[in-house]
Amino acid sequence: GVTRLSGITPSGQVQLGNYLGAIRRWARDNTSGDLYFVSDLHAMTVPHNPAKLRALTRQQLAVLVAAGLPTEALFVQSDLVRELGALTWLLECTCSYGEASRMTQFKEKSNSSTGFRLGLLTYPVLMAADILAQGATEVPVGDDQRQHVELARALARRFNGAYGEVFVIPEATLPPNGARIRDLAEPSRKMSKSAADTSGILSVLDSPDLLRRKISRAVTDNMSRVEYRPDEQRGVANLLDILAACTGTCATDAARDIESYAELKGAVADAVVETLRPVRERTEEILADPAELDRLRAAGAERARQRCAHRLNSALRLAGVG
Ligand code: AQP
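As annotated in an unreviewed UniProt entry, the protein carries the name Tryptophan--tRNA ligase and is attributed to Tamaricihabitans halophyticus. Per UniProt, the comment on the protein under Sequence similarities (unreviewed entry) is "Belongs to the class-I aminoacyl-tRNA synthetase family."

A. Quick peek at the nonpolar core. Ranked by size, the top nonpolar core spans 85 residues in total, and within it Ala128 and Val272 carry the most contacts. At 9 residues, helix H6 (residues 118-133) tops the list of elements feeding residues into this core. Two domains share this core, each providing at least three of its residues, namely domain 1 (5-174 + 290-318) and domain 2 (198-285). Beyond its immediate chain neighbours, meaning those up to four positions away, alanine 128 contacts Leu91, Leu151, Ala152 and Leu155.

B. Summary view of the domain arrangement of the protein. Taken as a whole, the protein is organised into domain 1 (5-174 + 290-318) and domain 2 (198-285). Between the C-alpha centres of domain 1 and domain 2 there is a distance of 31 Å. Counting from both sides, the interface comprises 10 residues of domain 1 and, opposite them, 11 residues of domain 2. Taken together, the residues of the side of domain 1 that touches domain 2 break down into 8 nonpolar, 2 polar and no charged.

C. Here's a closer look at unusual backbone geometry. We note that serine 224 has phi near 50°; this positive angle belongs to a residue other than glycine. Checked against the element boundaries, serine 224 lands in the loop between helix H8 (208-216) and helix H9 (234-247). Its identity is not glycine, yet aspartate 257 carries a phi of approximately 70°, on the positive side. One can find aspartate 257 in the loop between helix H10 (251-255) and helix H11 (261-287). Overall, the presence of 9 C-beta atoms within 10 Å leaves aspartate 257 in the exposed class.

D. How the structure looks around the site of the ligand. In the vicinity of the ligand, 18 residues are found, and the nearest of them are Ser11, Gly17, Gly21, Ser192 and Ser194. Among the elements that take part in the shell around the ligand, helix H1 (residues 16-29) stands out by supplying 4 residues, more than any other. Here the residues of the shell around the ligand sort into 5 nonpolar, 10 polar and 3 charged.

E. Spatial organisation of the pairing of strand E1 (residues 5-8). Of the two faces of E1, the one holding Leu5 and Gly7 and the one holding Ser6 and Ile8 are both buried throughout. Handedness of the β-α-β unit built from E1, H1 and strand E2 (residues 35-38) comes out right-handed.

What counts and how
Residues numbered from 1 in each chain as written. Predicted model: local features only at pLDDT ≥ 70, side-chain atom pairs only at ≥ 80, totals over all residues. UniProt positions renumbered as here; feature names shortened; annotations may be inferred. Core = buried A, V, L, I, M, F, W, Y, C linked by C-beta atoms within 7 Å. Buried ≥ 20, exposed ≤ 12 C-beta atoms within 10 Å, placed from the backbone. Helix = DSSP H or I, 4+ residues; strand = E, 2+ residues; numbered from the N terminus. Domains from an automatic or database assignment. Contact = placed C-beta atoms within 7 Å. Nonpolar A, V, L, I, M, F, W, Y, C, P; charged D, E, K, R; others polar. Near = placed C-beta within 6 Å. Right-handed = clockwise from strand over helix to strand, strands pointing away.

Next comes the structure, spelled out in structure tokens:
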């Protein structure tokens, strides 16, 4: 069967782009065999706060449950840290230094910081372990992650060839192109949960008041033209993209009948508040029952561990250890 694996990193509060571009689609499209995980270990490649990471991980898991993902398809990456640590080592010893350091994302991110963590270099190998541990056949990823899935493929092939067939060769697939949501305050950037300045970031858990306030301050332009022209009017086009994604129309149609920027912002605020309300309320309910969330989490971890146990043991044995 097909096993699609998707992850979300708790590097900040889940934002509207994550919801509209990924989580909502996962909840709609998921078929049996698909897996979703909160990749908290990936949030450690840059300086992090332990208590915050723990809280965000829990919150993100709750959002995924609240969004309607089947709980049996969910797990938290660090609940498998021992298994993944072992597999990552086997794969690091299958990967060349040159191969890892050629990853575009590493080159970009290591350039912009001095004294970066070694994990920034090796995290694609951990990602390969995530994929190969679960026997994923498909990994739906955007362009920025494609190279990492290619690495996972190369490592799986190499390991299988050197020691014996143990890993399924995964394939990178293109997720259906959803809306790319941009930062309301800085529409040249995409909306990101780890952004330092949150004034243009709509969090899934923001109160309706806060959502409205942020939307009312969204950057537009002085053309006074409500039309969908992304190249000329990036801020307005972003608001129309958000409106369209929330109301299930296309951005050009969404622009029709709207006369002013004030009216546009009002419509966007209503649509965003109504779209996020059920997820936020359900997330709050889930977080209010920590014992039940712990139970869900433990059950997901157990299933994920069972899925990888045999493969990991075989890989260790074939490599001459374990
Ligand atoms: N602005 C966006 N519009 C549409 N989709 C988006 N996604 C992220 N931002 C937008 C989708 O959300 C999923 C979760 O991705 P991730 O946790 O692996 O990290 P990311 O893609 O790097 O998302 P962020 O919010 O920008 O996080 P940080 O700040 O940590 O980099 C993915 O499916 C992604 O496409």
